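# Structural description and commentary
So the chains spell out like this:
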Amino acid sequence: MTTETLASLIHFLGILLLISSFWILTSSQIRTSIRAYAAHSFFLALITGVIAIANHIEHLLISAILTFGLKAIVIPHVFFRMIRRLGIRKEVESYVNIPFTLLLAVLLVFVSFYVTRDGSFLKPVAFGECIPLAIATVFFGMLMMTTRKKAISQILGLLLIENGLFLMAVTMTFGMPLLVEMGIFFDLLVAVMIMGVFIFKIRDAFESIDTDEMTGLKG
Amino acid sequence: MTIEKVLGTPLVFAFLCLIPCSKRMTRVIFTAGAILAALGAWSFVFGVSGSPRVFAFGGNLMMDSLSAVFVLLITGVGVLSSAYAGGYLFRDGETAIPSVKLRRYAFFFHLFLFTMLLTVFSNNLGIMWIAIEGTTLASAFLVNTDDKKSSIEAAWKYLIICSVGISLAFFGVILAYYSAVARTAVGESGLLLNWTFLLENARQLDPKIIQLAFIFVLVGYGTKAGLAPFHSWLPDAHSQAPAPVSALLSGVLLSCAVLGILRFHILTTAATGSNFSGTLLVVFGVFSVMIAAPFILEQKDYKRMLAYSSVEHMGLAAVGLGFGSVIGIYGALLHIVNHAFTKSLLFFTTGHILYLFQTKEISQVKGIFRRSPFLGAIFFAATLAIAGMPPFNIFVSEFLILSAGFQAKKFVTCGILLVLLSLVFIGFLKHSNQMTFGESEKVPVKPKSLVMNGVLLVGMVLILMMGFYIPGPLQHLLQEASRVAAGGASL
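None of the values given here were measured: they were computed from a predicted structure. (Residues numbered from 1 in each chain as written. Chains lettered and ligands numbered in written order. Predicted model: local features only at pLDDT ≥ 70, side-chain atom pairs only at ≥ 80, totals over all residues. Heavy atoms only, no water.)

Time to look at the overall build of chain A. Across its full length, chain A carries 7 helices and 0 strands. Traced from its N-terminal end to its C-terminal end, chain A shows the element sequence α-α-α-α-α-α-α. For 219 residues, the compact-globule estimate of 2.2 N^0.38 gives 17 Å, and chain A sits close to it at 18 Å. Long-range contacts, defined as pairs at least 24 residues apart, comprise 77% of the intrachain contacts of chain A with a sequence gap of at least 6. Only carbon and sulfur atoms are counted for the fraction: they give 67% of the accessible area of chain A, which is about 9600 Å². One way to put it: in chain A the 16 positive side-chain charges average out to a point 8 Å from where the 14 negative ones average out. (Helix = DSSP H or I, 4+ residues; strand = E, 2+ residues; numbered from the N terminus. Rg over C-alpha atoms; globule rule 2.2 N^0.38 Å. Contact = heavy atoms within 4.5 Å. Areas by Shrake-Rupley, 256 points an atom, 1.4 Å probe, with all protein chains shown as cover. Lys, Arg positive; Asp, Glu negative; His and termini not counted. Charge placed at Lys NZ, Arg CZ, Asp CG, Glu CD.)

Moving on to helix 10 (residues 243–272) of chain B. All names here are of chain B. The terminal C-alpha atoms of helix 10 lie 43 Å apart, and with 30 residues this matches the ideal 44 Å at 1.5 Å per residue to within 8%. Most of helix 10 sits out of view: 28 of its 30 residues are buried. Looking one or two residues beyond helix 10, the residue adopting positive phi is G273, at roughly 70°. (Expected span 1.5 Å × (residues − 1). Buried < 20%, exposed > 50% of the residue type's maximum accessible area, 1.4 Å probe, protein only.)

Once that is clear, we can look at the layout of surface pockets. Of the voids in this model, the second largest pocket is the one considered here, and its volume is about 740 Å³. The wall of the second largest pocket is formed by 26 residues, among which F186 and D187 of chain A together with F114, T115 and L118 of chain B lie closest to the centre. Among the elements that make up the lining of the second largest pocket, the one with the highest residue count is helix 7 (residues 178–206) of chain A (9 residues). For the lining of the second largest pocket, a count of residues per class yields 21 nonpolar, 3 polar and 2 charged. (1 Å grid on protein atoms, 1.4 Å probe; cavity = no way out; pocket = protein on both sides within 12 Å on 5 of 7 lines; lining within 4 Å. Points joined across faces, edges and corners; volume = space filled by probe spheres on them. Nonpolar A, V, L, I, M, F, W, Y, C, P; charged D, E, K, R; others polar.)

In this section: a nonpolar patch on the surface. All names here are of chain A. A cluster of nonpolar side chains, F42, L46, F68, I73 and V74, forms an exposed patch at the surface whose accessible area comes to about 390 Å². Top contributing element to the nonpolar patch by residue count: helix 3 (residues 58–86), with 3 residues. Mapped onto the elements, F68 comes out in helix 3. (Patch = residues over 30% accessible without salt bridge, like charges linked within 9 Å, V, L, I, M, F, W, Y side chains within 5 Å. Salt bridge = Lys/Arg side-chain N within 4 Å of Asp/Glu carboxyl O.)

What follows deals with the packing of aromatic side chains. Any two aromatic rings considered together are summarised by their centre-to-centre distance and by the angle between their planes. With the rule as written, the count across this model stands at 24 aromatic pairs over all chains. Grouped by ring-pair contacts, the aromatic residues F198 of chain A together with F15, F107, F108 and F141 of chain B constitute a single cluster. For the cation-ring pair, K71 of chain A lies above F166 of chain A, with the distance from its terminal atom to the ring centre recorded as 4.4 Å. Geometry around F200 of chain A places R85 of chain A over its ring, the cationic atom sitting 4.5 Å from the centre. (Phe/Tyr/Trp six-rings, centres within 6.5 Å; stacked < 30°, edge-to-face > 60°. Lys NZ or Arg CZ within 6 Å of the ring centre and 35° of its normal.)

For the rest of this paragraph, the subject is the nonpolar core. Residue and element names in this part refer to chain B. Formed by 269 residues in total, the largest nonpolar core has its most connected members in W156 and Y221. Here this core gets 20 residues from one element, more than from any other, and that element is helix 6 (residues 149–183). Those residues within four positions of Y221 in sequence are excluded, and the remaining contacts are M128, W129, I132, A169, V173, A257, G260, I261 and F264. (Core = buried A, V, L, I, M, F, W, Y, C linked by side-chain atoms within 4.5 Å.)

Each partner contributes residues to the interface: chain B has 48 residues there, and chain A has 43 residues. At the boundary of chain B with chain A, total buried surface from both sides reaches about 3900 Å², with 80% on carbon and sulfur atoms. Considering only the surface of chain B that becomes buried against chain A, E153, W156 and Y178 of chain B emerge as the three largest contributors, covering 19% of it. The interface formed by chain B and chain A contains 1 salt bridge. Note that D147 of chain B is salt-bridged to K201 of chain A, the shortest N-O span being 3.4 Å. The interface formed by chain B and chain A includes 2 residue pairs in polar contact (both at pLDDT 80 or more). (Buried area = accessible area lost by both parts, 1.4 Å probe. Polar contact = N/O pair within 3.5 Å; in protein donor to acceptor, adjacent residues only side chain to side chain.)

With that out of the way, let us pick up the packing of helix 9 (residues 233–240) of chain B against helix 10 of chain B. Residue and element names in this part refer to chain B. Interaxial distance between helix 9 and helix 10 falls to 7 Å at its minimum, and their mutual angle equals 140°. In terms of their interaxial angle, helix 9 and helix 10 are classed as oblique. Touching W233, L234, A237 and H238 of helix 9 are S246, L249, S250 and L254, all from helix 10. When grouped by side-chain class, the residues that make up the contact of helix 9 with helix 10 number 5 nonpolar, 3 polar and no charged. (Axes fitted to C-alpha atoms, helices over the stretch in contact; angles between N-to-C directions. Parallel < 35°, antiparallel > 145°, perpendicular 65-115°, else oblique.)

As a general rule, the predicted coordinates of low-pLDDT regions are not to be interpreted in detail. Of all residues in chain A, 93% have pLDDT values of 70 or greater, and the mean over the chain is 87. The weakest mean pLDDT in chain A belongs to helix 4 (residues 98–115) of chain A at 88; the strongest belongs to helix 2 (residues 30–54) of chain A at 93. (pLDDT = per-residue confidence, 0-100.)

The next point concerns the side chain of T272 of chain B. Residue and element names in this part refer to chain B. The topology assignment puts T272 in helix 10. Separated by 2.7 Å, the side chain of T272 and the backbone oxygen of T268 make a polar contact. Sequence-distant contacts of T272, that is, excluding residues within four places in its chain, are made with P207 and Q211.

Dropping the structure here:
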């Protein structure tokens, strides 16, 4: 594969990644958000895999496979089971409506590209155009965590931030050392499970999983 | 002893605690585990104190004098806390907690100790990040031991806020790794995240990137350390957790996060050759004290009052580290040690107070001394100690930190700190005076168990002793540690 086709392949996958992160933010149903997250993770795994094969980095290939298995299959599956058991039918509830969320998201993408424009002192080892995408993903995750009411959407936001950081690590340094990468995957899985347990506790105690009911502790 | 064994002990005992057996047996395993872990760790630390660094696990784990101080703290407070929890949570009567839940509590308690030990033993900055995230995950269930509406809220906020904070710190770790990858030959990629390796090659790292990394780490681990304005989870979690857990959270968990910041601070100072990170630490430290002081003065809940006092003391420690001189760093480390024991003692007394008065409201608690002279005396003395009154230990370390500031001619900073510290002092005196000596009818109460009172007594003796005399080996260790933190400058 020549460098040019490789670059345009990564470019293409990057666009798909960005589209899927918009999809997570703007879908009005939690089920769709989770599917979009699975798609996002799938494209992330593909980008990682392509970079790994093009540069002959074995440990990155392992992370790509793990990303695919864990984030595109296992975690969405855990989420779907959680939703089924919680019996959520209602759509996503947000403090900010969807058109405005979209506007904010576009702005954040502009900001991400602006702060990483040429002349920035960050010179990644692979495909610099992924850096603004990674930063945008982190921003999207934060936007999601601050504007959504449902506890489950906040977990999704956290996972989106994690995906962004993963992409950052992949493009800047070909990922972290394998040992660290493994530990992060383990942490992530445990975090999702523990937060899942807490969602059920919240549901039982507050009779809903809206976090704006949580106003008991102040001062 | 080796690092692996010290780390392994709490991990093994975590799973031993899960064995279904009688409540009494679980309690024995639970407390014995903490004691064994402490004995092992202490003999290890003082056994190798001659050599500066001990490596394990392919260089990914390391113990130098800096981590040794924190190992002593974690296991020391761990023993006190587990002994107290043995009486506090394993109680009988109508409020008894079911044994399945107790086993799970014991499991997470030891897991929490394990993750904290892993944090301080990490040489690999990536593993340190994983361990700090692990402390959040392991302690979330401990915060929610009561399973009430308010404790679920506190635990959820704790989980979410700290996870987001720590993910920012991960960005800092990526940047540090990147700065090493960009400057060194390929092939050593396993080494590149090691703190010792980065420190040795600090001059070759891009100072701008390391500065950026430090900012992210300060915000990220600062969230965990309870530095203002990222402290919002802290009063909730500390006030809702049961007393022995609050003691661990406040006494050692916050300090572990401070160690994470300190490692990056040492690196940044070595890479940039300037006091960039030190200045940031001083700014955030003073800001934390500033935020905490009014909340202590006007507090209505005594556990939240102690939580804000933790924000204040972590701020002071950050200021001491930021001043950069060996005296300042020595003072800050001593402050962390003193704070760990004083604050955990205070949180243990809140367990007694909650039992006696069944409320967390300051205004509802009056006349502890009349009801229980032993508890009243210890509570009052400990609040004086935490407020910085001589002859107690906190006074000594606060004095050292401030004198480092005066030596560095930071008169304005020190002036602001002195005003704020006296405000905190007034706040504590006001609240604890009313709580201890207020009017109250004498109600006959069943005294708490011997072990729990024993824990209070041990804590009291410790903080009094540390005010007059720091044991030789600890003194030596602290001096070595501050030399490491000051970048090899001689004392």
